[in-house]
Amino acid sequence: RSTSIEILVFVEDENDNPPQFSHAKYTGRVWEETAGAMVVLDFNRTLAVMDNDTLPVNTHISFSLEFPSEFAAYEGSLWINTTNGAITVTQLGASRLDREVLNNLVVVVVANSTASPHLFAKAELEIFLLDINDNVPEIIAPSVVAVKENIAATLGEQPLIVVVSEDTDTGNNALVQFSLHAPSSAPQFAIDASSGAVYVIDDLDFETQVHYNIVVVATDHGLPSLSSNKTIRVTVEDVNDNSPVVVDSVSVNELPEHSSNGTSIVYLVVKDADSAENARLGAWLDVFVESIDDSSNKLSPSIVETVFDVIVNNITGAVAVVVRNEDAFDRESLGDVLLFKV
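What you see as residue numbers is a count from 1 along each chain, following the sequence as written. Reporting in this predicted model follows two pLDDT cut-offs: at least 70 for local features of residues, and 80 or more for side-chain atom pairs to be given and counted; totals over whole chains, interfaces and linings ignore these cut-offs and use all residues. The side-chain quantities take in all heavy atoms of the structure and omit both hydrogens and water.

On to the overall build of the chain, then. Scanning the chain for helices and strands turns up five helices and 24 strands. Based on C-alpha atoms, the radius of gyration is set beside the globule rule, defined as 2.2 Å times the residue count to the power 0.38. A compact globule built from 342 residues should have a C-alpha radius of gyration of about 20 Å, whereas the chain, at 46 Å, is more than 25% larger. With the C-alpha coordinates aligned to their principal axes, the bounding extent of the chain is approximately 180 × 30 × 30 Å. Contact criterion: two residues are considered in contact whenever any of their non-hydrogen atoms come within 4.5 Å of each other. The long-range share in the chain, meaning contacts at least 24 apart out of those at least 6 apart in sequence, stands at 65%. Put simply, the chain shows about 20,000 Å² of open surface, and 52% of that area lies on carbon and sulfur atoms. Elements are defined by DSSP. Helices are runs of H or I of four residues or more, strands are runs of E of two residues or more, and each kind is numbered from the N terminus. Calculation of accessible area relied on Shrake-Rupley with a 1.4 Å probe; when residues are assessed, cover is drawn exclusively from the protein chains displayed.

Next comes the structure, spelled out in structure tokens:
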């Protein structure tokens, strides 16, 4: 004879299955230098974790972050919600996570089972920093530029200089447009908004104005936009474009022959609007007998140089014709009427 009995055995769950991430590696993005900004995972993913255990106590997960040695300096820059795995930038991270210094960093997300024996899983998360418009464009251009007057027609479409800008941001935040501040104060100049080429569009006259200060402004396309400016001093150089002008003159109508050396015959005051060497005066002398219209009446240069002297004072602009050789200043040799052309 035999008999049987059914025994119902309940198997109690133990924490013998480690948590499992749905992916071994994740990528995400977060705004640089922004406290409280949340890391958004690519492809609409979340840090989903599975645990094959059944008791709720064995499936409870706590999240934490580990920083590899090469990113150890950034530990504390990010905070992870231990319950749901959401990662945000800390106040400390806002000062450290600078995209212009660090383009991306890698952290390890750890999913820890809160029940003994505290099994865990790890996944790699690469975080790329998104640019904010936090850098002002830097203008690279000479502080002083020299240009000759009356150059506009000569330059034509050739720029005087080309201004360059550097902006360490990216995208529209680094796209720069140029302009001139208060262009009406220097209407002789214009700038190409895209290339930064500065053109001379009207002649510059040294005698009217020697220096121009043009203020170049570089403005980026970020929101809000940032701008910087630089003053460029344009110095106009003189060219010899002005003829000397006699502003005063004195001459004698009669002079005794054999007048003493140094006796003044003609005295002129001459001005030249140019400067330096372009305003330096030089003078030559032609002397005619009776009529200045007939070249045959012109005294030979050797006679003129023997009898007369031309003295030029470049400080005062004075030009004087004087007797050089009183013995040669002779009426019988030279004639009764002498006409001087300086």
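That shown, we press on.
What follows concerns the packing of aromatic side chains. Where two aromatic rings form a pair, the distance of their centres and the angle of their planes describe that pair. Here is the rule: rings of Phe, Tyr and Trp (six-membered ring for Trp) pair when centre to centre is within 6.5 Å. Planes less than 30 degrees apart are stacked, more than 60 are edge-to-face, and the remainder are tilted. Applying the stated criterion across every chain yields a total of four aromatic pairs. Aromatic pair Phe 21 and Tyr 26: ring centres 6.3 Å apart, planes at 70°, arrangement edge-to-face. Classification of Phe 21 by relative accessible area gives buried; the value is 13%. Only protein chains enter the calculation, and the probe is 1.4 Å; a residue is then buried if its accessible area is under 20% of its type maximum, exposed if over 50%, and partly exposed in between. Exposure remark for Tyr 26: the relative accessible area of 2% places this residue in the buried category. Geometrically, the ring pair formed by Phe 308 and Phe 329 is edge-to-face, given 6.0 Å between the ring centres and 75° between the ring planes. Taken together, the positions of Phe 308 in strand E22 (residues 308–313) and Phe 329 in the loop between strand E23 (318–323) and helix H5 (331–334) put the pair 21 residues apart, joining distant regions of the chain. Taken together, the aromatic side chains of Phe 308, Phe 329 and Phe 340 make up a single cluster linked through ring pairs.

Moving on, we get to the pairing of strand E21 (residues 286–289). Of the two faces of E21, the one carrying Asp 286 and Phe 288 and the one carrying Val 287 and Val 289 are both buried. Pairing of E21 with strand E24 (residues 338–341) involves four bridges; the strand directions are antiparallel. Across the sheet, residue Val 287 finds its bridge partner in E24, namely Phe 340. Pairs of strands are assigned from DSSP output, requiring at least two bridges between the strands.

Looking now at unusual backbone geometry. In this structure, the amide linkage connecting Ser 116 to the following residue, Pro 117, adopts the cis form with an omega of 10°. If you trace the backbone, Pro 117 turns up in the loop between strand E8 (104–113) and strand E9 (120–130). Residue Pro 224 follows Leu 223 across a cis peptide bond; omega there is -5°. Take Pro 224: it is sitting in the loop between strand E17 (211–220) and strand E18 (227–237).

This brings us to the confidence of the model for the chain. Each residue carries a pLDDT score, the predictor's confidence in it, ranging from 0 to 100. Per-residue confidence for the chain gives a mean pLDDT of 91; residues scoring 70 or more make up 99%. For the chain, helix H3 (residues 152–155) is the element with the lowest average pLDDT, namely 70, and strand E10 (residues 138–140) is the one with the highest, namely 97.

Here four strands make up an open sheet; going across it, the order is E19-E20-E23-E22 and the pairing antiparallel. The open sheet has two edge strands, strand E19 (245–251) and E22, and neither has a second partner. The average undirected angle you get between the axes of adjacent strands in this sheet is 15°. Inspection of the sheet shows E19 paired to strand E20 (residues 264–271) by six bridges, in the antiparallel sense. Bridged to Ser 249 within E20 is Leu 268. Axis lines are fitted through C-alpha atoms, for helices just across the contact stretch, and the angle between N-to-C directions can take any value from 0 to 180 degrees.

So, about the side chain of Asn 15. Here Asn 15 lies in the segment before strand E1 (20–21). The class of Asn 15 is buried, set by a relative accessible area of 5%. In protein, a polar contact requires one atom able to donate a hydrogen and another able to accept it; more generally it is a pair of N or O atoms within 3.5 Å, and residues adjacent in sequence count only if both atoms are side-chain atoms. Of note is the side chain of Asn 15, whose polar atom sits 3.0 Å from the backbone oxygen of Ala 115. Among all residues touching Asn 15, those that are not within four sequence positions of it are Asp 51, Asp 53, Asn 58, Ser 113, Ala 115, Ser 116, Pro 117, His 118 and Leu 119.

Salt-bridge detection follows one rule: a side-chain nitrogen of Lys or Arg within 4 Å of a carboxyl oxygen of Asp or Glu. Applying the stated rule across the entire model yields 11 salt bridges. Among the salt bridges present, the one from Glu 66 reaches Lys 122, with a minimum N-O distance of 3.1 Å. Of this pair, Glu 66 sits in strand E5 (residues 61–66) while Lys 122 sits in strand E9, and the two are 56 residues apart along the sequence. On the basis of relative accessibility, which here comes to 34%, the residue Glu 66 falls in the partly exposed class. Lys 122 sits in the partly exposed class, given a relative accessible area of 44%. For the salt bridge of Arg 99 with Glu 100, the shortest nitrogen-to-oxygen distance reads 2.9 Å. Using a relative accessible area of 11% as the deciding quantity, one classes Arg 99 as buried. Within this structure, Lys 25, Glu 124 and Glu 126 form a network of salt bridges that share partners.

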